[in-house]
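# Coordinates in review
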Amino acid sequence: MAYGRKNKTLHVRGYKEKGNINTPMELAINNETDRFSLAIDAIDRVPKLQRIGGHAKEKFRNAQIACRAHAYKHGIDSPEITGWRWPETVSLA
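The present account deals with the structure reproduced in this document. (Residues numbered from 1 in each chain as written. Predicted model: local features only at pLDDT ≥ 70, side-chain atom pairs only at ≥ 80, totals over all residues. Heavy atoms only, no water.)

### Structural notes on the overall build of the protein
- Per the secondary structure count, the protein includes five helices and zero strands.
- Ordering the α and β elements of the protein from the N terminus gives α-α-α-α-α.
- In the protein, the share of contacts with a sequence separation of at least 24, taken over all contacts with a separation of at least 6, comes to 44%.
- Taken as a whole, the protein presents about 7,800 Å² of accessible surface, with 58% of it coming from carbon and sulfur. (Helix = DSSP H or I, 4+ residues; strand = E, 2+ residues; numbered from the N terminus. Contact = heavy atoms within 4.5 Å. Areas by Shrake-Rupley, 256 points an atom, 1.4 Å probe, with all protein chains shown as cover.)

### Quick notes on the pattern of salt bridges
- Summed over all chains, the structure comprises two salt bridges.
- Of the charged contacts, one joins Asp41 and Arg45 as a salt bridge, the two residues approaching to 3.0 Å between their closest N and O atoms. Residue Asp41 and its partner Arg45 are located together in helix H2 (residues 35-45), separated by four residues, close to a single helical turn.
- On the basis of relative accessibility, which here comes to 15%, the residue Asp41 falls in the buried class.
- Among the ionic pairs, Asp44 bridges to Lys57, the shortest N-O distance being 2.6 Å. Placement of the pair is Asp44 in helix H2 and Lys57 in helix H4 (residues 54-74), with a sequence separation of 13 residues. (Salt bridge = Lys/Arg side-chain N within 4 Å of Asp/Glu carboxyl O. Buried < 20%, exposed > 50% of the residue type's maximum accessible area, 1.4 Å probe, protein only.)

So this is what it looks like as structure tokens:
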């Protein structure tokens, strides 16, 4: 549906087979569909953020490294990853 459209603001991510036994987060990182990769990609694609987003990109890359290290050591994703939930929103009414 999105392929070949003239709208250049839409970017599609797909699955990249790596052939390993990985945790869900490792698979997401490999396929660049994890929350950290998507945030890094957004920073790279928004001109204003390219100039000011370096610290955030470093933080996200470090989080990916920590996720991989935990999975390598324990064989599972960390509780911070598996137990993550959207923060509760505050009603503006």
